[in-house]
Amino acid sequence: MVAQKHDSLEKIEAEVRGCPLCKLARTRKNAVPGEGQLSAKIMFIGEAPGRSEDEKGRPFVGAAGRILDNLLEKAGIERSQVFITNVVKCRPPDNRVPEEDEAAACRPYLDRQIGLIRPKVICILGRTAYTSLLGGSSITANRGKIVEKAGQKYFLTFHPAAAIYNKSLLSALEADLKELAKEMKNEGKSSMEDYL
Ligand code: URA
Ligand code: SF4
């Protein structure tokens, strides 16, 4: 994805905050564009804002966010150094799964964010992001894997919220994020790009 010349994360953020493009605009309190660095090497993509995110206009700041923060800390990844966003930028009523038309309407924002940031790896959090970005279905069968599509690397793992109800997923998530951190270190070493 090639970024348009005068696009910026700030421009996308402003557009998302006032976006009328799908029916989620009617029920949201605050749109949640995502946050993080333009220079991020990892992008995390979740499903959709929940109640806390809708209140604050920021991604992963509720219960799932606390789990994600913990996982990042354990893996030695700084939250401030990555970019975190979702497949849809507005909260679906009762936290239902985003519908296809909503994900489709919202997709250009995500594509623009990816195009500007050009992350080394996109970390897919859970099935909704897996399906929406890669057409996949079973995260359980594929978590911990890196897949490449159209020149972009993706790392697959569970959604942190899944660990709220199923504690056994927590250790898998921990192992996965540590693996992701390790991959990133290797990237740094093997890639000549960093010296050019
Ligand atoms: N769950 C998500 O998928 N995204 C958030 O931002 C918060 C919870
Ligand atoms: Fe716009 Fe995306 Fe929010 Fe729908 S979910 S209103 S497309 S920002």
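Up top you'll find the structure we're talking about.
Below is a summary of the structure that appears in this document. In this text the structure is predicted, and so the values were computed from the model without any measurement.

A closer look at the overall build of the protein chain
Consideration 1: Along the protein chain, the regular secondary structure elements total eight helices and six strands.
Consideration 2: Reading the helices (α) and strands (β) of the protein chain from amino to carboxyl end gives α-β-β-α-α-β-α-β-α-α-β-β-α-α.
Consideration 3: Taken over the C-alpha trace, the protein chain has a radius of gyration of 16 Å; the compact-globule value for 196 residues is 16 Å, and the two agree within 12%.
Consideration 4: Its C-alpha atoms give the protein chain principal-axis dimensions of about 45 × 45 × 30 Å.
Consideration 5: A buried classification covers 48% of the 196 residues belonging to the protein chain.
Consideration 6: The long-range share in the protein chain, meaning contacts at least 24 apart out of those at least 6 apart in sequence, stands at 72%.

A look at the nonpolar core
Consideration 1: The biggest cluster of nonpolar side chains holds 56 residues, and the ones touching the most others in it are Phe 44, Ile 124, Leu 133 and Leu 180.
Consideration 2: Beyond its immediate stretch of four places on either side in the chain, Ile 124 contacts Ile 45, Ala 129, Tyr 130, Leu 133, Leu 134, Ile 139, Tyr 154, Phe 155, Leu 156 and Thr 157.

Some details on the site of ligand 1
Consideration 1: In the vicinity of ligand 1, the contacting residues are Gly 46, Glu 47, Ala 48, Glu 53, Pro 59, Phe 60, Asn 86 and His 159.
Consideration 2: Here an oxygen atom of ligand 1 sits 2.8 Å away from a polar atom, N or O, in the main chain of Glu 47.
Consideration 3: Here an oxygen atom of ligand 1 sits 2.7 Å away from a polar atom, N or O, in the side chain of His 159.
Consideration 4: For ligand 1, the accessible surface in isolation is 240 Å², of which the surrounding protein chains cover 92%.
Consideration 5: Per-class residue counts for the shell around ligand 1 are three nonpolar, three polar and two charged.

Observations concerning helix H5 (residues 127-134)
Consideration 1: Those residues of H5 that sit buried are Thr 128, Ala 129, Tyr 130, Leu 133 and Leu 134.
Consideration 2: Looking at the buried side of H5, the elements it contacts are strand S2 (42-46), helix H4 (100-117), strand S4 (121-125), helix H6 (139-142), strand S5 (146-149) and strand S6 (152-157).
Consideration 3: Positive backbone phi, at 70 degrees, marks Gly 135, one or two positions downstream of H5.

Focus: the pairing of S4
Consideration 1: A large share of S4 lies buried, amounting to five of its five residues.
Consideration 2: Bridge analysis of S2 against S4 gives four bridges, and the strand direction is parallel. Residue pairing for S4: Phe 44 is matched across the bridge by Cys 123.

Some points on the sheet that holds S5
Consideration 1: One open sheet accounts for six strands, arranged S1-S3-S2-S4-S6-S5; its pairing is mixed. Only two strands of the sheet have a single neighbouring strand rather than two, namely strand S1 (35-36) and S5.
Consideration 2: In this fold H5 packs onto S2, S4, S5 and S6, with an angle of close to 130 degrees to the strand it touches most, S4.

Focus on the site of ligand 2
Consideration 1: Around ligand 2 sit Cys 19, Leu 21, Cys 22, Leu 24, Ala 25, Arg 28, Lys 89, Cys 90, Ala 105, Cys 106 and Tyr 109, and those are all the residues in its vicinity.
Consideration 2: Of the residues contributing to the shell around ligand 2, the split by class is nine nonpolar, no polar and two charged.

Overview of the environment of Leu 38
Consideration 1: Counting through the fold element by element, Leu 38 comes out in the loop between S1 and S2.
Consideration 2: For Leu 38 and Gln 113, which are 75 residues apart along the polypeptide, the C-alpha to C-alpha distance reads 8.7 Å.
Consideration 3: Discounting chain neighbours no more than four positions away, the residues touching Leu 38 are Leu 9, Leu 116 and Ile 117.

Describing H4
Consideration 1: Under the 1.5 Å per step criterion, the end-to-end length of H4 is 25 Å for 18 residues, consistent within 8% with the ideal 26 Å.
Consideration 2: Taken as a whole, H4 carries its principal kink of about 40 degrees at Cys 106; the proline Pro 108 stands between one and four residues after it.
Consideration 3: Buried residues of H4: Glu 102, Ala 103, Cys 106, Tyr 109, Leu 110, Arg 112, Gln 113, Ile 114, Gly 115, Leu 116 and Ile 117, and no others.
Consideration 4: Of the surrounding elements, those touching the buried residues of H4 are helix H1 (9-17), S2, strand S3 (83-86), S4, H5 and S6.
Consideration 5: Remark: Arg 118 follows H4 within two positions and exhibits a positive phi of approximately 45 degrees.

Criteria and cut-off values
- Residues numbered from 1 in each chain as written.
- Chains lettered and ligands numbered in written order.
- Predicted model: local features only at pLDDT ≥ 70, side-chain atom pairs only at ≥ 80, totals over all residues.
- Heavy atoms only, no water.
- Helix = DSSP H or I, 4+ residues; strand = E, 2+ residues; numbered from the N terminus.
- Rg over C-alpha atoms; globule rule 2.2 N^0.38 Å.
- Buried < 20%, exposed > 50% of the residue type's maximum accessible area, 1.4 Å probe, protein only.
- Contact = heavy atoms within 4.5 Å.
- Core = buried A, V, L, I, M, F, W, Y, C linked by side-chain atoms within 4.5 Å.
- Near = heavy atom within 4 Å.
- Polar contact = N/O pair within 3.5 Å; in protein donor to acceptor, adjacent residues only side chain to side chain.
- Areas by Shrake-Rupley, 256 points an atom, 1.4 Å probe, with all protein chains shown as cover.
- Nonpolar A, V, L, I, M, F, W, Y, C, P; charged D, E, K, R; others polar.
- Pairing = 2+ DSSP bridges.
- Axes fitted to C-alpha atoms, helices over the stretch in contact; angles between N-to-C directions.
- Expected span 1.5 Å × (residues − 1).
- Bend = angle between axes of the 7 residues up to and from the residue.

These values are about where atoms sit, not about what they do.
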